[in-house]
Amino acid sequence: MPVPGPGYAITARVEAPASASAAGDITMAVGRVGGVVTAFDVVESHTRTLIVDISCNALNEAHASEITAALEALPGVRVRKVSDRTFLLHLGGKLSVESKVSLRNRDDLSRAYTPGVARVCQAIAANPADARRLTIKRNTVAVVTDGSAVLGLGNLGAAAAMPVMEGKAALFKRFAGVDAWPVCLDTQDTEEIIRTVQILAPAYGGINLEDIAAPRCFEIEARLRELLDIPVFHDDQHGTAVVVLGALRNALRVVGKKISDCKIVVCGVGAAGSAVIRLLRSSAPGDVLAVDIDGIVHPGRDGLDDNLRWIAEHTNEARVSGTLADALVDADVFIGVSAPNLFGAEELATMAPDSIVFALANPDPEIDPAIATAHAAVVATGRSDYPNQINNVLAFPGVFRGLLDAQARDITDAMLLAAAAAIADVVAEPNPSFIVPSVFDAAVAPAVAEAVRSATGKQDVAPV
């Protein structure tokens, strides 16, 4: 079952009678309704009253309200104010710009700006490749979205996508020293998006597409890769695929199976699922069955778009049809990037012995992790409150660090496979509860960056 976490943390300022039992009464009230107290601070103390700030984790917004009501129900207690700690963190945004050079006097100003800067402009005009050496382009990525598929929340639009893109930029900086900036486009027209990114591209060393709905995201990425001389990476597709493949490599080590002998079921064939399937094929699995809301994908199914037609032609060797339950029979691996609560113990029991379950729908997986761990040999989710979190932050910072260091102009499957192997290899001795490293493992991003840089074949380029 889910447990209260910091994503729904609140701090309540409470006025209570100054009695010997006040602190205990308040903390017990939170505990009775399932809240987790994380801090208790006395703000003011008077003869008759005590003012305290109590911080606690909740399950969701409704649970936070329940905690507040439990505090207010205590005799003599008044809740003065409740602050949502997540919203407090986002006040004013999460990013800022800092100059890398000092502007202490006229000489500094003359070199950084006019008149000295004119000579640098002329040098770049004469040799455009110098932009990578003489501007922020060498270490800057645009995080581009149209807000059409924000997290698992759907089409929220460009403005509502900003907090996610800011967070993504913060992760780039924290884990790989990459300067990234949100580019939230107030259009969901494919041609407008492509043209806008094309004319913005000279300022950036790479493009990270984010939270753009399928199937539009496929065309946008493919066209931009043709048009631009910098790498274009759709993290919802390739970041997920890289981490999944790295985790699967270690999970197979745990159960002692070869991927070439495995039947793999991929549930969900949008951006993430399609990319997982495409990258999996590079490792020659025994067979892959793709499943969406209409069942197993096969060439004879009606209504297939271009993406599904490609999947139908390159998976499901036996051309079987049916439901997710049918696909799971004798499957060695389940990879879900779809929707919550799609199957249970009965279907899981039909999988092959020593099965592997990656139930990655967020926040609620395709199967309850407690049920999955009772039957499968290795279980992974997209959640931070269970072992084996499949998190894209293991991939994209290091991938772009390597691409920027190599001054790469594109990105290939060989680079993605190298990144997946690097993530797996950080875990020296995998076990059922540890198949991927922590996102805070300092070895991950450098290992991924070096693997990607090596895969570009440009070892003579000095890292930033």
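Residues numbered from 1 in each chain as written. Predicted model: local features only at pLDDT ≥ 70, side-chain atom pairs only at ≥ 80, totals over all residues. Heavy atoms only, no water.

A separate point is the overall build of the chain. Of the regular secondary structure elements, the chain holds 18 helices and 14 strands. Relative to the globule expectation of 23 Å for 464 residues, the C-alpha radius of gyration of the chain, 25 Å, shows essentially globular dimensions. With the principal axes as the frame, the chain shows a C-alpha extent of 75 × 75 × 45 Å. Each of the 464 residues in the chain was classed as buried or not, and the buried ones make up 49%. Here the chain has roughly 21,800 Å² of accessible surface; of this, 54% comes from carbon and sulfur atoms. Treating the 39 positive side-chain charges of the chain as one cloud and the 55 negative ones as another, the clouds have centres 9 Å apart. (Helix = DSSP H or I, 4+ residues; strand = E, 2+ residues; numbered from the N terminus. Rg over C-alpha atoms; globule rule 2.2 N^0.38 Å. Buried < 20%, exposed > 50% of the residue type's maximum accessible area, 1.4 Å probe, protein only. Areas by Shrake-Rupley, 256 points an atom, 1.4 Å probe, with all protein chains shown as cover. Lys, Arg positive; Asp, Glu negative; His and termini not counted. Charge placed at Lys NZ, Arg CZ, Asp CG, Glu CD.)

In this section: the pattern of salt bridges. Opposite charge on two side chains permits them to pair, given that their charged atoms come into close proximity. Applying the stated criterion across every chain yields a total of 21 salt bridges. Close ionic contact of R111 with D108 constitutes a salt bridge, the shortest N to O distance being 3.5 Å. Residue R111 and its partner D108 are located together in helix 4 (residues 106–112), separated by 3 residues, close to a single helical turn. Among the residues examined, R111 registers a relative accessible area of 59% and is labelled exposed. Residue classification places D108 among the buried positions, given a relative accessible area of 10%. One salt bridge in this structure joins K168 and D235, with 2.6 Å as the shortest N-O distance. (Salt bridge = Lys/Arg side-chain N within 4 Å of Asp/Glu carboxyl O.)

Looking now at helix 16 (residues 396–405). With 10 of 10 residues buried, helix 16 is to be regarded as a mostly interior element. Immediately downstream of helix 16, the backbone of Q407 shows phi near 50°, a positive value.

On to the sheet that holds strand 6 (residues 179–184), then. The strand order 6-5-7-8 describes an open sheet built from 4 strands, whose pairing is parallel. The sheet is open, and its two edges are formed by strand 6 and strand 8 (232–234), each paired on a single side. In this sheet, adjacent strand axes meet at a mean angle of 25° when their direction is disregarded. Relative to strand 7 (residues 206–209), strand 5 (residues 140–145) is paired through 4 bridges, and the arrangement is parallel. Directly across from V143, in strand 7, lies its bridge partner N208. Contacting strand 7 and strand 8, helix 10 (residues 235–255) crosses the sheet at an angle of about 75° to strand 8. (Pairing = 2+ DSSP bridges. Axes fitted to C-alpha atoms, helices over the stretch in contact; angles between N-to-C directions. Contact = heavy atoms within 4.5 Å.)

This paragraph deals with the packing of aromatic side chains. One pass over the full model with this rule turns up 5 aromatic pairs. Seen in terms of ring centroids, F172 and F400 are 5.5 Å apart; in terms of plane orientation they differ by 75°. Their pairing is edge-to-face. Highlighted residues: F172 in helix 7 (residues 158–176) and F400 in helix 16, separated in sequence by 228 residues. Residue classification places F172 among the buried residues on the basis of a relative accessible area of 0%. Note on F175 and F440: the rings are 5.8 Å apart at their centroids and 50° apart in plane angle, and the pair reads as tilted. Taken together, the residues span a long stretch of sequence, with F175 in helix 7 and F440 in the loop between helix 17 (413–426) and helix 18 (444–456) at a distance of 265 residues. By relative accessible area, F440 is classed as exposed at 57%. Connected via pairs of aromatic rings, a cluster forms that spans F172, F233, F396 and F400. K168 extends its terminal NZ or CZ atom over the ring of F396, reaching a point 4.3 Å from the ring centre. (Phe/Tyr/Trp six-rings, centres within 6.5 Å; stacked < 30°, edge-to-face > 60°. Lys NZ or Arg CZ within 6 Å of the ring centre and 35° of its normal.)

Attention shifts here to the layout of surface pockets. Roughly 1,200 Å³ of volume is contained in the second largest pocket. Forming the walls of the second largest pocket are 33 residues, and the residues nearest its centre are E98, S99, K100, I136 and D179. Residue contributions to the lining of the second largest pocket peak at 4 residues, all from helix 5 (residues 117–126). Of the residues that constitute the lining of the second largest pocket, the class distribution is 18 nonpolar, 6 polar and 9 charged. (1 Å grid on protein atoms, 1.4 Å probe; cavity = no way out; pocket = protein on both sides within 12 Å on 5 of 7 lines; lining within 4 Å. Points joined across faces, edges and corners; volume = space filled by probe spheres on them. Nonpolar A, V, L, I, M, F, W, Y, C, P; charged D, E, K, R; others polar.)

What follows covers unusual backbone geometry. Note that the residue after T114, namely P115, is joined by a cis bond; omega there is 5°. Tracing the backbone shows P115 in the loop between helix 4 and helix 5. In the segment running from A214 into P215, the intervening peptide bond is cis, with an omega of 0°. By the element assignment, P215 lies in the loop between strand 7 and helix 9 (216–227). The residue D211 is not glycine, and still its phi comes out positive at about 55°. On the secondary structure map, D211 appears in the loop between strand 7 and helix 9. On the basis of relative accessible area, D211 is assigned to the buried category, the value being 4%. For N341, which is not a glycine, the phi torsion comes out positive at approximately 55°. Position of N341 among the secondary structure elements: in the loop between strand 12 (333–336) and helix 14 (345–348).

All right, on to the UniProt feature "domain: Malic enzyme N-terminal" (unreviewed entry) in the chain then. In this numbering, the UniProt entry assigns the feature "domain: Malic enzyme N-terminal" (unreviewed entry) to residues 92–225. The span residues 92–225 is 46% helical and 12% strand by assignment, and the distance between its end C-alpha atoms comes to 34 Å. (UniProt positions renumbered as here; feature names shortened; annotations may be inferred.)

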